[in-house]
Structures are given as C-alpha cells and as structure tokens.
Amino acid sequence: MDIYFFNITVLRNKEIYEEKLNDMDEDRLGKIRQLKRTDDKLRSLGAGLLISFIKKKYAIQEKIVVDKFGKPYFEKGLLHFNLSHSGNYVIAAVSKYDIGIDIQRVRTDKHRIAEKNFLPEECAYINEVEDEHVRQQRFCEIWTVKEAYLKEKGIGLRKPLNSFEVELSGDAPKIVGEEALRVVQFRIDQKYIVSVCAGRQDKDFQIEEIKIQ
C-alpha cells in the first residue's frame, strides 16, 4: 500500500488556489462549489489534487464512481483507494486490495463522546490515565481504527461503532475477530493520528508527503 498526504495550508494563497482550481474536472469543481466553509473547499480541492496525483502516478485513465454505500473507486476496479481529511490535511491510501484510511486531529474534550460509541473495554483504555491530552489521543487512536475498518469494508457508519472491538494492548492496534486484516497507525505533526486498515497481504507500505510544484 502507498499512503500520500497533502497539507492544504498552501491553498490559502488565493493565486495558488485559483490556479489549482482550474486544474480540476467538472465533478470536483461541482463538489467544491457546493461547500459553504472555506476550509471545506480547501480540503475538497486538496482531495482533488491527491486524486490527480494518484491517477498520473499509476497511469489511471478511468473515472471515479461511487457505490451504493458511498465508497469511491476507480471504474475498472484494478486499483483501490480511500481518502480522509481533518484540519490541515488530506490523506489517501492506494492498494491492489480493499483499503480504508482515517485521519483525526487530536482535539479537546472530543473523547467524551466515547461512552456513546465505544465498548466498555475501549472506554476503560481511554479513562485509565488522568492526563487529559493522553485521553484525547487514545480516543483518536480508537476512533480512527474504527473509521478505517468501516471504510475498508465499504459500509460507512451503517455498522455501529460499538458492534466491534479495537484492541490497543499489543505492538499495533487490531480489530478483534478480524485476523485477516492489519492496522497501520502513525502520526502527522504530532497533532494528527492516522489509521489504515488493510488486508494482511499488504505487507509493505510507504508514506509520502505531496507538495505543489
């Protein structure tokens, strides 16, 4: 699997924003125009830039279509990809196999929604420490794994987050009962936690930051 991420901060420059906007196809332009908030527009443009980079790098000609559950894929399905964004970053994972990725910025008090969405064992993992910042990190560790897993399966939030368990006691996170899957977790800028869910046949991976030339 290959993982690519892009910092949207550069797009806050109006000249660069307009230049890169002109490079987008009508589908992406339509998505950007529908958005109200500036940051959402920047992240959507960033996603478009990542997709353009991936299509060029892997010589992909076919268009992107969306299945009935909202998961995007290249029309011929020869290469799988998945996107996520949070704060200043857009990130993508590319693989020959089904794959899911999620990125979350560690934010104050976000972990408090854990009790409504997580299993008791997961909540205990979050709350066993007194440091508030560590609790926030642990929440994001679990949340991103759950999101990445659901995206790998292609079912979004149609499966309740508390219907499966994430275990973080070992060297790497794992989804209980899903031995065929592996989870890769890492940080960007120390403020963002990323989780990727893929098949165990995806043994090797690389991470690359994409910058505007």
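Thresholds, definitions, all that
- Residues numbered from 1 in each chain as written.
- Predicted model: local features only at pLDDT ≥ 70, side-chain atom pairs only at ≥ 80, totals over all residues.
- Heavy atoms only, no water.
- Helix = DSSP H or I, 4+ residues; strand = E, 2+ residues; numbered from the N terminus.
- Polar contact = N/O pair within 3.5 Å; in protein donor to acceptor, adjacent residues only side chain to side chain.
- Salt bridge = Lys/Arg side-chain N within 4 Å of Asp/Glu carboxyl O.
- Buried < 20%, exposed > 50% of the residue type's maximum accessible area, 1.4 Å probe, protein only.
- Pairing = 2+ DSSP bridges.
- Axes fitted to C-alpha atoms, helices over the stretch in contact; angles between N-to-C directions.
- Contact = heavy atoms within 4.5 Å.

A. The side chain of Asn-82, seen in detail. Turning to its location among the elements, Asn-82 is positioned in strand E4 (residues 80-86). Among the polar contacts listed, one links the side chain of Asn-82 to the backbone nitrogen of Ile-101, at a separation of 3.0 Å. Within the local environment of Asn-82, its side chain forms a polar contact with the side chain of Lys-151, the two groups lying 3.4 Å apart.

B. Summary view of the pattern of salt bridges. Within the structure shown, the criterion is met by eight salt bridges. Two residues, Asp-40 and Arg-37, come together in a salt bridge whose shortest N-O distance is 3.3 Å. Take Asp-40: its relative accessible area is 23%, and that puts it in the partly exposed class. The salt bridge partner of Lys-174 is Glu-167, with a shortest N-O separation of 4.0 Å. Salt bridges linked by common partners bring Arg-37, Asp-40 and Arg-43 together as one network.

C. Examining the sheet that holds strand E9 (residues 181-188) more closely. Within the open sheet, the three strands sit side by side as E6-E10-E9. Their pairing is antiparallel. Each end of this open sheet is capped by a strand with a single partner; those strands are strand E6 (99-105) and E9. Averaged over all pairs of adjacent strands, the angle between strand axes in this sheet comes to 15°, irrespective of strand direction. For E6 and strand E10 (residues 192-199), the ladder comprises seven bridges, and the chain directions are antiparallel. Note that in E10 the partner of Gln-104 across the bridge is Ile-193.

D. Expanded view of the sheet that holds E4. Spatially, four strands are ordered E4-E5-E1-E11 in an open sheet, and the strand pairing comes out mixed. Of all the strands in the sheet, the pair left with one neighbour each is E4 and strand E11 (206-209). Averaged over all neighbouring strand pairs, the angle between strand axes comes to 20°, with direction disregarded. The pairing of strand E1 (residues 2-7) with E11 spans four bridges and is classified as parallel. Across the sheet, residue Ile-3 finds its bridge partner in E11, namely Ile-207. Helix-sheet contacts for helix H3 (residues 38-57) involve E1, E4, strand E5 (89-95) and E11, and the interaxial angle to E5 is about 30°.

E. Fine view of the environment of Ile-188. Locating Ile-188 in the fold gives a position in strand E9. Residue class for Ile-188 comes out buried when judged on its relative accessible area of 5%. Those residues in contact with Ile-188 that lie beyond four places of it in its chain are Phe-5, Tyr-89, Ile-91, Ile-103 and Val-194.

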